[in-house]
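Observations on chain architecture
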Amino acid sequence: MQELLNYISSYLSSDQTPGGAGNFLWALIYILLVFAGLSVAVIAMNWLERKILAHMQVRLGPMRVGPHGLLQPFADALKLLLKEDIMPDEADKLIFWVAPFIVTLAAFTVFVVVPFGPTHAITDMNIGILFMLGVSSLSVLGIVMAGWASNSHYPLIGALRSSAQMVSYEVAMGLAVVSAILMTSLNQQGTGTLSMIGIVEAQQAQGTWFVFKLFPLGLIAFFIFAVAMVAETNRAPFDLPEAESELTAGFHTEYSGFRWSLFFLAEYSAMIAVSSIAVTLWMGGWLRPFPNALSGSTWNLVFSLFPGITFLFLAGMCFYSTARMPKHPYFRIQTAGLAIFGALLALIALVLFIPAVRVRIQDIYWFCIKVAAFMYLYIWYRGTFPRYRFDQLMKVGWKILLPMGLGVLILTAFFGLWSTTHTNLWHP
Amino acid sequence: MTDSKTFSPLDLDTPEKPYLDANELVINMGPQHPATHGVLRVILRLDGEKVLGLECVIGYLHRGVEKIAENRTYTMFNPYVDRMDYVAAVSNGLGYCEAVEKLLNVEAPPRAQYIRVILTELNRIASHQLWLGTHALDIGAITPLFYTFRDREEILKIFEKYCGARLTTHAFRIGGLQYETYNGFEQDVKNFISFFKPKIDEYEELLTTNRIWLERTKGVGVISGKDCIALGVTGPVLRASGVKWDIRKAQPYANYKNFEFEIPTGASGDTYDRYMVRMIEMRQSVRILEQAVAGIPEGPIMAKVPKVMKPPVGEVYHSIEAPKGELGYFIVSDGSTQPYRVRVRPPSFVNLQALDLMCRGQLVADVIAVIGTLDIVLGEVDR
């Protein structure tokens, strides 16, 4: 018994990730936490996308299920689970069955190395970023399998498009990532790292996010990645594999119910995953704004209040909406529901103000806020852009992004070397 | 697939196969497909994503409107024409009423003419708005749809206030109008004009200079003016190919000769030109509306028309410029109360013929763009 308690508590005193400390139990707890958090994020993203897109398009979005449609994602999930699971007669049964699981598995597995904080990651691999890119590109396999196994024309075209698109954008993406990794080696020792945690720590040590490093090289690399990641996740304006108006639903045309919802889940968690890569590589990961310049106990206190303030703000919005609810008896339950939701948010805010909590939670908060900004961008793109045509998409990938990525890589290497050997040129 | 193979031989002259052992893919687009604007079925023959040829299968919405006409009196048939091009019902009604008026040799009084022009031009704007929204949606821009529908609502409100119906209005009667305008009609139209002018800029802001929009529409679905004429294509599609042909100017009907407006033409005949032509047409319609609403004369709204219409034996062809092109009615009278034959020349049906020519050699995604740019309504294609 004592050993078990020691086993559990020994991790708490260490400053490593559970994987790094070799603590199996805590690793399991972290996995469950990440999985739960991700599911909540996907649900929230589902609701937010509908609402934000709706407000961009002069409509209200879901309003009926729960106050302001807050329960809509749950209603949808229930509907999808209860739906009849249709498998086409002509389908290749085994592959049809396996495909959505491969896609989902690939999308979720990458979160093993995503660092939500210096110790808040399931594990820290020394090849973290390679692992992420490698595993996330496995999802194309599932998509091709889905398109092929459906034994139908539209899914097949969708799958062909998707494989071509994901493969070609991965090249540009990889080049952008390499240029960011090169930047991690711009220190006294001249050694870089592929570890996700190491990359963020390098940004802190060098005193700048890599977006602003060797300006504008970091920015261009970031831009290449930001474009490629939209293509990689098959989202507008690169949503050709599931181009609704052309291919009805692309590779998942023949899927329904639970299997379809797995594709949906995978798409959204893949979006979060690539956004996490972008945040980790260029936006300083879990680092709060100006961790070096604005340090000291006062600033630490100020920045650690942000999570609570954010939730207080959300709670305030809920209360404001509660006050604005129609005063008709029909809306009584909805009004009460919204008030309770606001109270819950306020409660979370209060918990986040507790010193012990807020110190531990702030890394996760800053990471999530940055990822959320990317999620908003995704929605914004969808509301603004028409869709590229297939050949144009390839043109953008191979003729614009790839040469740009190569150029940035070479220039980063050149100026990086220059700046470490002639430090006075860049940092007089 | 065997079904479509037997149904359509698709024996077009095949170009040389570019790859060894490359299989052609025959795929069915429609009748249930999100981008075929109703129940159009297009059988595509593809080489990868490239379109080798296509064939349209129509008739899924056939209701026999022309045959129905033979069993209805002239007045009774009037509401049926609204159901052909249901997004431009007012134009359909105008064409039919004027054709019968020509047969009866009566003319609607000036006040009726003005109100007809106002409603028809409002309807043209509404039709173009619907086209813009769905066309942009097909190309992947989902937001313009909601903007155009929001603004189209204002037009439909005017229709609703005028005659009680929003879509299939049955606004006109043979010889003039059934209803006098409601109080505040002119003000409503004026309000709409001032409301709508900045909205066109808003649509253009979203699309006209959007890089992706330009790439998706420039050089896509090109058709020359000569081909247009050979196929009988009319309307904005013809004008975008550089042929300045608008029946409102060429053979003025109603009282269009009283109004000043320009006919926009394009140069290259691609999807972008058709887009621009329609955008300018909306502005020109606003111009006509401004003049018409300022000059509505007082007076009767109905000409002297017999209660039981028995047009003299003879035939008449009358065409108007509907939002989608030349809408013609050919009516044969045998002197009875019912037409002997009514033949409609629907613009959508004729324009759809150009689809194969415009799409050959392009990609699947372009087929969608071209169907959208032709602005077809299947109710009118199938009748």
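Residues numbered from 1 in each chain as written. Chains lettered and ligands numbered in written order. Predicted model: local features only at pLDDT ≥ 70, side-chain atom pairs only at ≥ 80, totals over all residues.

1. A short note on the overall build of chain B
- Regarding its fold elements, chain B presents 16 helices and eight strands.
- Since a compact globule built from 383 residues should have a radius of gyration of about 21 Å, the 21 Å found for chain B is in line with a globular shape.
- The C-alpha extent of chain B, read off along each of the three principal axes, is 75 × 50 × 35 Å.
- When burial is assessed residue by residue, chain B has 51% of its 383 residues classed as buried. (Helix = DSSP H or I, 4+ residues; strand = E, 2+ residues; numbered from the N terminus. Rg over C-alpha atoms; globule rule 2.2 N^0.38 Å. Buried ≥ 20, exposed ≤ 12 C-beta atoms within 10 Å, placed from the backbone.)

2. Thoughts on the overall build of chain A
- Summing up its helical and strand segments, chain A has 18 helices and zero strands in all.
- Here the C-alpha atoms of chain A give a radius of gyration of 23 Å, agreeing with the 22 Å that 2.2 N^0.38 yields for 428 residues.
- Over its C-alpha atoms, taken along the principal directions, chain A stretches across nearly 65 × 55 × 50 Å.
- Of all intrachain contacts in chain A linking residues separated by at least 6 positions in sequence, the fraction that spans at least 24 positions is 76%. (Contact = placed C-beta atoms within 7 Å.)

3. Regarding the domain arrangement of chain A
Residues and elements named next belong to chain A.
- For chain A, the assigned domains read domain 1 (23–82) and domain 2 (86–289 + 387–428).
- Just the C-alpha atoms count here: the centres of domain 1 and domain 2 sit 23 Å apart.
- In this assembly, 11 residues from domain 1 lie in contact with 12 residues from domain 2.
- Secondary-structure elements contributing two or more residues to the side of domain 1 that touches domain 2 are α3 (24–56) and α4 (72–82).
- Among the elements that line the side of domain 1 that touches domain 2, the one with the most residues is α3, at nine residues. (Domains from an automatic or database assignment.)

4. Brief notes about the environment of I340(A)
- Examined against the element boundaries, I340(A) turns out to sit in helix α15 (residues 332–353).
- As for I340(A) and F74(A), which are separated by 266 residues in sequence, their C-alpha atoms are 17 Å apart.

5. Remarks on the interface of chain B and chain A
- Contact residues are listed per partner, giving 25 residues for chain B and 22 residues for chain A.
- Those elements giving two or more residues to the side of chain B that touches chain A turn out to be β1 (25–29), α5 (110–139), α6 (143–163), α8 (211–217) and α15 (364–374) of chain B.

6. Thoughts on the domain arrangement of chain B
All names here are of chain B.
- Along its sequence, chain B is carved into domain 1 (4–57) and domain 2 (65–382).
- The C-alpha-based centres of domain 1 and domain 2 are spaced at 31 Å.
- Taken together, the contacts link 15 residues of domain 1 with 16 residues of domain 2.
- For the side of domain 1 that touches domain 2, the secondary-structure elements that each account for two or more residues are β2 (41–47) and β3 (50–57).

7. Structural notes on helix α5 (residues 93–109) of chain A
Residue and element names in this part refer to chain A.
- An ideal rise of 1.5 Å per residue puts 24 Å on 17 residues; α5 measures up with 25 Å between its terminal C-alpha atoms.
- Of all the bends in α5, the greatest, near 25 degrees, is centred on A99, and the proline P100 appears no more than four residues after it.
- If you check which residues of α5 are buried, you get F96, A99, P100, I102, V103, T104, A106, A107 and F108.
- Elements that come into contact with the buried residues of α5 comprise α3, α6 (128–136), α7 (139–149) and α12 (257–282). (Expected span 1.5 Å × (residues − 1). Bend = angle between axes of the 7 residues up to and from the residue.)

8. Examining the packing of α3(A) against helix α16 (residues 355–384) of chain A
All names here are of chain A.
- Taken N-terminus to C-terminus, the directions of α3 and α16 make an angle of 40 degrees; their axes are 10 Å apart at the nearest point. Put simply, α3 runs oblique to α16. As α3 packs across α16, the resulting crossing turns out to be right-handed. Residues M45, E49, I52, L53 and M56 of α3 form the contact with α16, whose own contacting residues are M375, I379, R382 and G383.
- Across the contact of α3 with α16, the residue classes break down as six nonpolar, one polar and two charged. (Axes fitted to C-alpha atoms, helices over the stretch in contact; angles between N-to-C directions. Parallel < 35°, antiparallel > 145°, perpendicular 65-115°, else oblique. Left-handed = near helix turned anticlockwise from the far one by under 90°. Nonpolar A, V, L, I, M, F, W, Y, C, P; charged D, E, K, R; others polar.)

9. Quick word on the pairing of β2(B)
Residue and element names in this part refer to chain B.
- For β2, a buried count of five out of seven residues is recorded, marking the element as mostly surrounded by other parts of the structure.
- Of the pairings in the sheet, the one linking β1 to β2 comprises five bridges and is antiparallel in character. By the bridge assignment, V26 is partnered in β2 with R45.
- Relative to β3, β2 runs antiparallel, the two sharing seven bridges. By the bridge assignment, L46 is partnered in β3 with V51.
- The antiparallel hairpin formed by β2 and β3 contains two residues in its connecting segment, where G48 sits at a positive phi of about 70 degrees. (Pairing = 2+ DSSP bridges.)

10. Observations concerning the sheet that holds strand β6 (residues 314–322) of chain B
Residues and elements named next belong to chain B.
- Here we have three strands laid out as an open sheet, ordered β6-β7-β8, and antiparallel in their pairing. Because the sheet does not close on itself, it has two edges, and the strands there are β6 and β8 (339–345). Here the strands of the sheet are splayed against their neighbours by 15 degrees on average, with no regard to which way each runs.
- Taken together, the six bridges between strand β7 (residues 325–333) and β8 define a ladder with antiparallel strand orientation. Of the residues in β8, the one forming a bridge with S333 is P339.
- Lying over the sheet, helix α4 (residues 89–104) contacts β6 and β7, oriented at roughly 150 degrees with respect to β6.

11. Some words on the sheet that holds β2(B)
Residues and elements named next belong to chain B.
- An order of β1-β2-β3 is seen for the three strands of this open sheet, with the pairing classed as antiparallel. Of all the strands in the sheet, the pair left with one neighbour each is β1 and β3. The average angle at which neighbouring strand axes cross in this sheet is 20 degrees, direction not considered.
- Sitting on the sheet, α15 touches β2 and β3, and the angle it makes with β2 is about 150 degrees.

12. Focus on unusual backbone geometry
- In this structure, V58(A) is a non-glycine residue whose phi angle is positive, near 45 degrees.
- Of note, N105(B) is a non-glycine position whose phi angle comes to about 65 degrees, a positive value.
- Turning to its location among the elements, N105(B) is positioned in the loop between α4 and α5.

13. Section: the confidence of the model for chain B
Residue and element names in this part refer to chain B.
- For chain B, mean pLDDT is 85; residues scoring 70 or higher make up 94% of the total.
- Scored below 50 in pLDDT, residues 1–14 makes 13 contacts in the model with residues more than four places away or belonging to other chains.
- Both scores are given for the predicted complex: the pTM is 0.84, the ipTM 0.80. (pLDDT = per-residue confidence, 0-100.)

14. A few points about α16(A)
Residue and element names in this part refer to chain A.
- Across its 30 residues, α16 extends 42 Å between first and last C-alpha, which sits within 8% of the 44 Å expected from 1.5 Å per residue.
- The largest bend along α16 reaches roughly 45 degrees and is located at I361.
- Buried residues of α16: I361, Q362, D363, Y365, W366, F367, C368, K370, V371, M375, Y378 and R382, and no others.
- The elements touched by buried residues of α16 are α3, α12, α13 (297–304), α14 (306–324) and α15.

15. Some details on the environment of A107(A)
All names here are of chain A.
- Looking at where A107 falls in the secondary structure, it is placed in helix α5.
- On a C-alpha basis, the gap between A107 and L265 in space is 8.6 Å, while along the polypeptide they are 158 residues apart.
- When near neighbours in sequence (up to four residues on either side) are disregarded, A107 contacts S139, A266, S269, A270 and A273.

16. Focus on the environment of G218(A)
Residue and element names in this part refer to chain A.
- Residue position: G218 is located in helix α10 (residues 217–232).
- Here the alpha-carbon distance between G218 and I29, two residues 189 residues apart in the chain, equals 36 Å.
- In contact with G218, not counting residues within four places along its chain, are M183, F210, V211, F212, K213 and W282.

17. Regarding the packing of helix α7 (residues 185–207) of chain B against helix α12 (residues 271–294) of chain B
Residues and elements named next belong to chain B.
- For the pair α7 and α12, the least separation of the axes is 10 Å and the interaxial angle reads 160 degrees. Compared by their axis directions, α7 and α12 come out roughly antiparallel. Of the two elements, α7 crosses α12, and the hand of that crossing is left-handed. For the pair α7 and α12, contact is made by E186, V189, K190, I193, F196, K197, I200 and E204 and by M279, M282, R283, V286, L289, E290 and V293, respectively.
- Classifying every residue of the contact of α7 with α12 gives nine nonpolar, no polar and six charged.

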